[in-house]
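Secondary and tertiary structure notes
The primary structure of each chain is shown beneath.
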Amino acid sequence: QPRLVTSGGGLVQPGGSLTLSCEVSGVDLDAYCVGWFRQAPGKEREAVSCFGTRNAYTYFSNSVMGRFKLSADNGKNTVYLQMNGLRPTDTAVYNCAVKKTDCNYCTEYRRYDSSGQGTQVAVSS
């Protein structure tokens, strides 16, 4: 059973940057798709990004495309979500999740096998 630790959240001013980390243990990350999700107060959970480590597949939602980037350190079994040009609308609790094999249907949270705890991102002046 994979175990995930999400970290890196914080308070940042509009236009600033943060990098979130999703450290996965207990499984070979190469066999999984990693999804990033966020949920703002009073709103539904939103898929932000997906990353297939095996084939470097990436997905970004329209709301973050061009501002967020993905990277991975296979040696550390960790996927990073680099968030640039942050906006107040990016304020939410972010968490990562993993699903086996591929990134098909990666925007659907119910498809994932395990998820990590959330980390708060607040964008405010």
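Keep in mind that this is a model prediction, so the values were computed, not measured. (Residues numbered from 1 in each chain as written. Predicted model: local features only at pLDDT ≥ 70, side-chain atom pairs only at ≥ 80, totals over all residues. Heavy atoms only, no water.)

1. Considerations on the sheet that holds strand S1 (residues 3-7)
Strand order in the open sheet formed by four strands is S1-S3-S8-S7, and the pairing between neighbours is antiparallel. Every other strand in the sheet has two partners, leaving S1 and strand S7 (68-73) as the edge strands with one partner each. Ignoring which end each strand starts from, the neighbouring axes of this sheet average 15° apart. (Pairing = 2+ DSSP bridges. Helix = DSSP H or I, 4+ residues; strand = E, 2+ residues; numbered from the N terminus. Axes fitted to C-alpha atoms, helices over the stretch in contact; angles between N-to-C directions.)

2. Quick look at the nonpolar core
The biggest cluster of nonpolar side chains holds 28 residues, and the ones touching the most others in it are Val-34, Trp-36, Phe-68, Leu-81, Met-83 and Tyr-94. Contributions of two or more residues to this core are made by strand S3 (18-25), strand S4 (32-39), strand S5 (46-52), S7, strand S8 (78-83), strand S9 (92-100) and strand S11 (119-123). Beyond its immediate chain neighbours, meaning those up to four positions away, Val-34 contacts Cys-22, Leu-29, Ser-49, Cys-50, Phe-51, Val-79, Cys-96, Ala-97, Val-98 and Tyr-112. With eight residues, the next largest nonpolar core counts Cys-33, Ala-47, Cys-106 and Tyr-112 among its residues. (Core = buried A, V, L, I, M, F, W, Y, C linked by side-chain atoms within 4.5 Å. Buried < 20%, exposed > 50% of the residue type's maximum accessible area, 1.4 Å probe, protein only. Contact = heavy atoms within 4.5 Å.)

3. What about the pattern of salt bridges?
This structure, assessed with the given rule, holds six salt bridges. Of the charged contacts, one joins Glu-46 and Arg-38 as a salt bridge, the two residues approaching to 2.9 Å between their closest N and O atoms. By relative accessible area, Glu-46 is classed as partly exposed at 28%. The residue Arg-67 makes a salt bridge to Asp-90 at a minimum N-O spacing of 2.7 Å. Here the residue Arg-67 occupies a position in the loop between strand S6 (57-60) and S7, and Asp-90 occupies one in the loop between S8 and S9, the gap between them amounting to 23 residues. You'll find Arg-67 and Asp-90 in the same group, each marked buried. Salt bridges linked by common partners bring Arg-38, Glu-46, Arg-67 and Asp-90 together as one network. (Salt bridge = Lys/Arg side-chain N within 4 Å of Asp/Glu carboxyl O.)

So yeah, pure geometry; function would need other evidence.
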